[in-house]
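Structural characterization, general
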Protein chains: 2
Amino acid sequence: MAGVSVATVSRALRGLDRVSPETRERVLRVAEDLHYVASPTATSLASGRTRVVAVVAPFLTRWFFAMLVSAIEKSLRAHGHHVILFDLEDDSYDQRLMLSQNMLWKRVDGVITLNVPMVAEEVELVDRLGLPLVAIGSPVPGRACVRIDDAVAMRTAVEHLAGLGHTRIGYIGAVPENVAHIQTPQDRLRAFLDTVRDLGLTCEDSWILGSDWTAQAAALDSTELLSREDRPTAIVAASDEMAIGVLASARRLGLRVPEDLSVTGIDDFVLSGVLGLTTVRQDVAGLGHAAAELLLRALLEDDESTDELVLPTELVVRESTGPAPTG
Amino acid sequence: MAGVSVATVSRALRGLDRVSPETRERVLRVAEDLHYVASPTATSLASGRTRVVAVVAPFLTRWFFAMLVSAIEKSLRAHGHHVILFDLEDDSYDQRLMLSQNMLWKRVDGVITLNVPMVAEEVELVDRLGLPLVAIGSPVPGRACVRIDDAVAMRTAVEHLAGLGHTRIGYIGAVPENVAHIQTPQDRLRAFLDTVRDLGLTCEDSWILGSDWTAQAAALDSTELLSREDRPTAIVAASDEMAIGVLASARRLGLRVPEDLSVTGIDDFVLSGVLGLTTVRQDVAGLGHAAAELLLRALLEDDESTDELVLPTELVVRESTGPAPTG
DNA sequence: CTGAAAGCGCTTACAG
DNA sequence: CTGAAAGCGCTTACAG
């Protein structure tokens, strides 16, 4: 319709040089009139690039993951890329779906993993397919990773409580069976134990609770511990959602927060502010954006990084923590 | 490698008939050995179907949308389809991204919209591209829709409070400017006003609050109203997240719930149980699964429905509501 | 600056 | 039951 060959149309539409201004303008005008948009499926086959990125998450329904996905989608969209989503949550509680070749092969140009510790077969698969990858949270050997320092974050929380005079500090969020494929629980528990020890405090085994990292379970699991006379004076939760569960069970038991019990979390969850929860904030959207930027650099500039990028965390003191009760 | 033509390989791998059992087995074995997976990009170009579905949301970071996306992804995956995600949230608060041809054309086989009221241009676009579409929440003219009955849900909440003797009932969640492109706020507010009128109650204008549908804003916006002597004895929030904000501001003001103030929401948000919030539950995952099933039927069996599917809601009474204070 | 032609890797009638 | 060949709609050297 523009009176030129398909090759010229292709060049004009993609803004390549070596097309005369008049030709380009004519092609653009005709394309507009015809609502012409190049078929991405044909473009992909011919060019070998799909402009699609796989975002892989252990589950989507928790705030942290939804925030990441949203941030990543926006960053990639701004550079003409799309997100195909893989929710690895399986029906069976104790395992997750594995990354497979037909999820990735000729379907995506790159991968972003959200806190998923990849097994050897998966790492090898992504290597074999030659796909750039950026990990958020759990590192993947030999690949770029964006994360916070979980040890520092946990230490910040514990030291805040110790600074308020607490010496009997409990913990909720020990590694549960059903999320054993997630790295974070392990890192945070270890950091908690290390910090407590470094501060010269003791922590009884019975002060360390499991819960499946939900508020509901945290409320349930903490009830027995908080009912005791010799309960801890403070609880560190490994996530804000669990901390909220502890707040709820404390309220049900008639404990005043923070007079009788201090509670802190990690995240700065969307509801933490309104609920007055002291926490260690991480910039979740920032993690997502940083990961997307790293991947885009690998995709667009063929510059694949293998660095670790560690974003800072920040103590946010609200009403849920206060001086340890005296006596 | 299997000693047959590519046509036969194609037929064998896709499980078509008219392939001898021996040939099929040989092809499958060789494919396995070679880690062969057909290129989806070439398959799409040749067959005209991408096996990808666009899931379009006004934003992703709220629980309701993340739940939907997760449910949809799992349903579609079980039938060999993938999800490409479009987060329509824009940097500017007062508008959203529009659906455009290059998001959809030759990229997806169908569309699921999550509570996005489509403008005429968008409806026309999807029509022109010949894509099957299933709407969740906001209906799209001439297309299948899966939703709850917002009017019934809201009526259930209000009648529950009226049944407890409340006559002074406030509302939070009036239509805010920045989410004017979402249908739900309008429907719920209208149903609230209708029900209050039907019950013969009066509701002062000053009892109807805005908030931008977040807990934070709800806490802020409700503080002034709840500080008054002549405050309502109950507040209906149009969502659980806002109800949680109201609970927080009541607690800060020293109001006892439910003795001084009853609060209810709609959703049964993940934290509502642990926080003791009375609410009207909707089956969010059920909405997602139903929508995915409808779309898959259109895709796989060429049977596009235009029905409305209305899922039931259910009153869940917890500790946040009780008899109206006497005197 | 522009075009003809090969090629990306499949699927799908059409023959046999 | 199997194969040869056309076609899906682009991109990309290669000529000119």
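Below is a summary of the structure that appears in this document. (Residues numbered from 1 in each chain as written. Chains lettered and ligands numbered in written order. Predicted model: local features only at pLDDT ≥ 70, side-chain atom pairs only at ≥ 80, totals over all residues. Heavy atoms only, no water.)

The subject of this paragraph is the protein's contact with DNA strand D. By nearness alone, 22 residues border DNA strand D, and Ser10 of chain A together with Thr8, Arg11, Arg18 and Thr23 of chain B come closest of all. For DNA strand D, the fraction of atoms within 4 Å of the protein that belong to sugar or phosphate moieties is 65%. Between DNA strand D and Arg14 of chain A, the relevant distance is 3.1 Å, taken from a phosphate oxygen to a side-chain nitrogen or oxygen of the residue. Counting residues per element, the ones that place at least two in the surface near DNA strand D are helix 1 (6–13) and helix 3 (40–47) of chain A together with helix 1 (6–13) and helix 3 (40–47) of chain B. (Near = heavy atom within 4 Å. Polar contact = N/O pair within 3.5 Å; in protein donor to acceptor, adjacent residues only side chain to side chain. Helix = DSSP H or I, 4+ residues; strand = E, 2+ residues; numbered from the N terminus.)

By the secondary structure assignment, Ser70 of chain B is in helix 4 (residues 63–77). For Ser70 of chain B, a relative accessible area of 3% corresponds to the buried category. With sequence-adjacent residues up to four places away left out, Ser70 of chain B is seen in contact with Leu60, Thr61, Asp87 and Glu89 of chain A. (Buried < 20%, exposed > 50% of the residue type's maximum accessible area, 1.4 Å probe, protein only. Contact = heavy atoms within 4.5 Å.)

This next bit is on the interface of chain B and chain A. Each side of the interface is counted separately: chain B has 49 residues, and chain A has 49 residues. Counting each side, the surface lost to burial between chain B and chain A is near 4,600 Å², with a carbon and sulfur contribution of 61%. In terms of surface lost to chain A, no three residues of chain B exceed Thr41, His82 and Val274 of chain B, which account for 13% of the buried area on that side. At the junction of chain B with chain A, the criterion picks out five salt bridges. Among the ionic pairs, Glu89 of chain A bridges to Lys74 of chain B, the shortest N-O distance being 2.6 Å. Elements with a minimum of two residues in the side of chain B that touches chain A: helix 3, helix 4, strand 2 (82–87), helix 5 (101–104), helix 9 (215–227) and helix 10 (240–252) of chain B. Of all the elements, helix 4 of chain B adds the most residues to the side of chain B that touches chain A, at eight residues. Taken together, the residues of the side of chain B that touches chain A break down into 25 nonpolar, 13 polar and eleven charged. When strand 2 (residues 82–87) of chain A meets strand 2 of chain B, the two strands line up antiparallel, connected through three bridges. Within the sheet, the bridge partner assigned to Ile84 of chain A lies in strand 2 of chain B and is Ile84 of chain B. (Buried area = accessible area lost by both parts, 1.4 Å probe. Salt bridge = Lys/Arg side-chain N within 4 Å of Asp/Glu carboxyl O. Nonpolar A, V, L, I, M, F, W, Y, C, P; charged D, E, K, R; others polar. Pairing = 2+ DSSP bridges.)

A few words now on empty space enclosed by the protein. In this approach the atoms are scanned with a rolling probe the size of a water molecule, which exposes any empty space left behind. Following the criterion strictly, the structure yields four cavities of 30 Å³ or more and no others. Approximately 320 Å³ is the volume found for the largest cavity. Along the walls of the largest cavity sit 22 residues, with Phe64, Phe65, Asn115, Thr184 and Trp213 of chain A positioned nearest its centre. Its residues assigned to classes, the lining of the largest cavity shows eleven nonpolar, five polar and six charged. Residue assignment places the lining of the largest cavity across two domains, with domain 2 (48–147 + 284–311) and domain 3 (150–282) of chain A each supplying three or more. Taken as a whole, the second largest cavity holds about 270 Å³ of empty space. Surrounding the second largest cavity, 16 residues form its lining, Val52 and Arg107 of chain A together with Thr50, Val52 and Arg107 of chain B being those nearest its centre. Going through the elements one at a time, helix 3 of chain A together with helix 3 of chain B are the ones with two or more residues in the lining of the second largest cavity. (1 Å grid on protein atoms, 1.4 Å probe; cavity = no way out; pocket = protein on both sides within 12 Å on 5 of 7 lines; lining within 4 Å. Points joined across faces, edges and corners; volume = space filled by probe spheres on them. Domains from an automatic or database assignment.)

The values are spatial; any link to function lies outside them.
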